[in-house]
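Report on the structure
Chain by chain, the residues:
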Amino acid sequence: GMLGAYALRPTPILLEKARDLGERLMLGFHSSNMQLPQSVINLRTGQSENHHWTGGNSILSEVGSIQLEFAYLSYITKDIRFYNTARQVFSLYQTLDSPMDGLFPVYIDPESGRWRGKMHVTMGGLADSFYEYLLKLYLLTGMQDNNLLAMYNDAVTSMERNLVFGSADGSIAFLAEIKDGHIHKSMEHLSCFVPGMLALGATAFDPTKNKNYAEDRFLRKNERDLQENSHDHIKLAKQLINGCVESYNAMPTGLGPERFSFNENAPASQQIRVEEGRYILRPETVESLLVMYRTTGDDKYRQIGWRFFEAINRHCRTESSYSGIKDVRRIPAEPNNSMQSFFLAETLKYLYLLFSDPSVMAMDEYIWTTEAHPLPTFTFNHFMDENGMLHA
């Protein structure tokens, strides 16, 4: 948050506090053999540990969701320690034996580097932003780090092969999960960030969408692969956003459930079955609507976003604030009396940008963190080696 605010209005106190917090968070990397950041850090003493409910294991989404912030902190402080410390997490995962050729289980032992738990592979909770940050770190830092793009390409290819299921007519797609080698055709609302991620990656080498890419630039293999697959990625993004939108459309409130299962062989109106009916004001679907609108220019994504905003206003607005609801299938909706912080930080911000001119926080000028904080794209002045590490 401090870095995003500093990016929009550089103020010395914001930089001072961001650097101080960064120094304290750095201590969390040095508590395990694998140099993975711990989940909980005492900012006064520097003591750190992972959540007890994980059995002391590290979580994929947690260890892979700090790299954008640490990269920008290195850039504005000219201190490469922040970036290198966070970047080495991706380097570690690149050396590990992925059981699914680019997708990783959600739990890892921070001491041995071995996978733990029930070999849960998903694009949803406990994993999501790890994959998002592979692409976004590449784009944020001037499209220099080829290894990040290699990991992103492998992840998307494996996702397409193992997790994507579509309707019989090919118009809608969903994302499954794998647990202990078994496919579960169950999708979280959290996974609805994926269409936006795919669309953002598909436009990386389109000079009409990304001013940081010059047509005469020599493309390395991983960059050529992404450029050549861009049409397929956009097609899949459209199918997946259709699936996420259908999870909203199928509910009486017009709001999407936390988790649903699907039958891709059933008619579209019968594909969705609610598993967890609460709606807690999550941002992922409207985030993808924003990216889809800005990459395709199709106004239907704005129209869908406005319909969702009206449903939020109708069922979630209270006298004092907004509230999640307990079950999207019930009218009148029953509030859960909780407004998550991401509603203001992400959901409303993405809706605002959806209806703003695309030049406002243009996607080739800013990269949004997983918490929707805008960081401007930049190129390091330091030498970056072939492993993505900076040298003074």
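Above this text you will find the structure in question.
Residues numbered from 1 in each chain as written. Predicted model: local features only at pLDDT ≥ 70, side-chain atom pairs only at ≥ 80, totals over all residues. Heavy atoms only, no water.

**Quick look at the state of the cysteines**
- According to the stated counting rule, one finds one disulfide in the structure shown.
- Cysteine 192 provides the cysteine sulfur closest to cysteine 316, a residue in no disulfide bond, and the two sulfurs are 16 Å apart.
- Cysteine 316 sits in the buried class, given a relative accessible area of 1%. (Disulfide = S-S within 2.5 Å. Buried < 20%, exposed > 50% of the residue type's maximum accessible area, 1.4 Å probe, protein only.)

**Quick word on the nonpolar core**
- If you look at the biggest cluster of nonpolar residues, it comprises 120 residues, and the most contacted ones within it are Tyr93, Met123, Tyr131 and Met159.
- The element that contributes the greatest number of residues to this core is helix α6 (residues 128-140), accounting for nine residues.
- Other than its neighbours up to four places away in sequence, tyrosine 131 contacts Leu60, Gly102, Leu103, Phe104, Thr122, Met123, Tyr152, Ala155 and Met197. (Core = buried A, V, L, I, M, F, W, Y, C linked by side-chain atoms within 4.5 Å. Helix = DSSP H or I, 4+ residues; strand = E, 2+ residues; numbered from the N terminus. Contact = heavy atoms within 4.5 Å.)

**Thoughts on the pattern of salt bridges**
- Summed over all chains, the structure comprises 22 salt bridges.
- Linking arginine 24 and aspartate 20 is a salt bridge whose minimum nitrogen-to-oxygen distance equals 3.0 Å. Placement of the pair is arginine 24 and aspartate 20 together in helix α2 (residues 12-26), with a separation of four residues, close to one helical turn.
- In this structure, the salt-bridge partner of glutamate 276 is arginine 259, at a minimum N-O distance of 3.7 Å. Highlighted residues: glutamate 276 in strand β11 (residues 272-276) and arginine 259 in strand β10 (residues 259-262), separated in sequence by 17 residues.
- A single salt-bridge network, built from bridges that share partners, covers Glu177, Glu188, Glu258, Arg259, Glu276, Arg278 and Arg282. (Salt bridge = Lys/Arg side-chain N within 4 Å of Asp/Glu carboxyl O.)

**Observations concerning helix α11 (residues 284-296)**
- Between its terminal C-alpha atoms α11 stretches 18 Å, which fits the 18 Å expected from 13 residues at 1.5 Å a residue.
- Burial runs high along α11: 12 of the 13 residues are buried.
- Three or more residues of α11 are buried, namely Glu284, Thr285, Val286, Glu287, Ser288, Leu289, Leu290, Val291, Met292, Tyr293, Arg294 and Thr295.
- After α11 finishes, the residue glycine 297 shows a positive phi value of roughly 75°. (Expected span 1.5 Å × (residues − 1).)

**A short note on the layout of surface pockets**
- Considering only enclosed or pocket space, the largest pocket measures out at about 800 Å³ in volume.
- Lining the largest pocket are 32 residues, and of these Leu25, Ser65, Ile66, Glu69 and Phe70 sit closest to its centre.
- Of all the secondary structure elements, the ones that give two or more residues to the lining of the largest pocket are α1 (2-8), α2, β1 (40-41), α3 (60-63) and α4 (67-77).
- When residues in the lining of the largest pocket are grouped by element, the largest group, four residues, is from α2. (1 Å grid on protein atoms, 1.4 Å probe; cavity = no way out; pocket = protein on both sides within 12 Å on 5 of 7 lines; lining within 4 Å. Points joined across faces, edges and corners; volume = space filled by probe spheres on them.)

**Points about the sheet that holds β10**
- Here three strands make up an open sheet; going across it, the order is β9-β10-β11 and the pairing antiparallel. The open sheet has two edge strands with one neighbour each: β9 (186-188) and β11. Taking each pair of neighbouring strands and ignoring which way they run, the sheet shows an average axis angle of 30°.
- Sheet topology note: the β9/β10 ladder contains three bridges and is antiparallel. Counterpart to serine 186 in the pairing with β10 is serine 261. (Pairing = 2+ DSSP bridges. Axes fitted to C-alpha atoms, helices over the stretch in contact; angles between N-to-C directions.)

**Overview of the side chain of threonine 253**
- Here threonine 253 shows up in the loop between α10 (230-249) and β10.
- Residue threonine 253 is classed as buried on the basis of its relative accessible area, which comes to 2%.
- Within polar-contact distance, the side chain of threonine 253 engages the backbone oxygen of valine 328 at 2.8 Å.
- In contact with threonine 253, not counting residues within four places along its chain, are Ala311, His315, Ile325, Val328, Arg330 and Ile331. (Polar contact = N/O pair within 3.5 Å; in protein donor to acceptor, adjacent residues only side chain to side chain.)

**Notes on the pairing of β10**
- Neither face of β10 is left uncovered, since the one carrying Arg259 and Ser261 and the one carrying Phe260 and Phe262 both have all their residues buried.
- Bridging between β10 and β11 involves four bridges; their strand directions are antiparallel. Of the residues in β11, the one forming a bridge with phenylalanine 262 is isoleucine 272.

**Observations concerning the packing of helix α5 (residues 81-95) against helix α7 (residues 146-162)**
- Packing of α5 against α7 leaves a shortest axis separation of 11 Å and a crossing angle of 50°. By the angle between their axes, α5 is oblique relative to α7. Handedness of the α5/α7 crossing: left-handed. Contacts from Arg87, Phe90, Tyr93 and Gln94 of α5 reach α7 at Asn147, Leu148, Ala150 and Met151.
- Classifying every residue of the contact of α5 with α7 by side-chain character gives five nonpolar, two polar and one charged. (Parallel < 35°, antiparallel > 145°, perpendicular 65-115°, else oblique. Left-handed = near helix turned anticlockwise from the far one by under 90°. Nonpolar A, V, L, I, M, F, W, Y, C, P; charged D, E, K, R; others polar.)

**Points about the packing of aromatic side chains**
- Scanning all chains against the criterion turns up 24 aromatic pairs.
- Here a set of aromatic residues connected by ring pairs shows up, and it is made of Phe90, Tyr93, Phe104, Trp115, Phe130 and Tyr131.
- The ring centre of phenylalanine 82 lies 5.3 Å from the NZ or CZ of arginine 81, which sits over that ring. (Phe/Tyr/Trp six-rings, centres within 6.5 Å; stacked < 30°, edge-to-face > 60°. Lys NZ or Arg CZ within 6 Å of the ring centre and 35° of its normal.)

**Some words on empty space enclosed by the protein**
- In the structure shown here, the tally under the stated rule is two cavities of 30 Å³ or more.
- The calculated volume of the largest cavity comes to roughly 140 Å³.
- Around the largest cavity, the lining is made up of 14 residues, and of these Lys136, Leu200, Glu287, Val291 and Trp368 lie nearest the centre.
- Only α6, α8 (194-202), α11 and β12 (366-368) provide two or more residues apiece to the lining of the largest cavity.
- Residues of the lining of the largest cavity, tallied by class, amount to nine nonpolar, two polar and three charged.
- Of the voids in this model, the second largest cavity is the one considered here, and its volume is about 30 Å³.

**Considerations on unusual backbone geometry**
- With an omega of 5°, the peptide bond running from isoleucine 331 to proline 332 counts as cis.
- Position of proline 332 among the secondary structure elements: in the loop between α12 (300-316) and α13 (341-354).
- The backbone of aspartate 180 shows a phi angle near 50°, a positive value even though the residue is not glycine.
- With respect to the helices and strands, the residue aspartate 180 is situated in the loop between β7 (177-179) and β8 (182-184).
- On the basis of relative accessible area, aspartate 180 is assigned to the partly exposed category, the value being 45%.
- We note that asparagine 337 has phi near 60°; this positive angle belongs to a residue other than glycine.
- Here asparagine 337 falls in the exposed class, since its relative accessible area comes to 70%.

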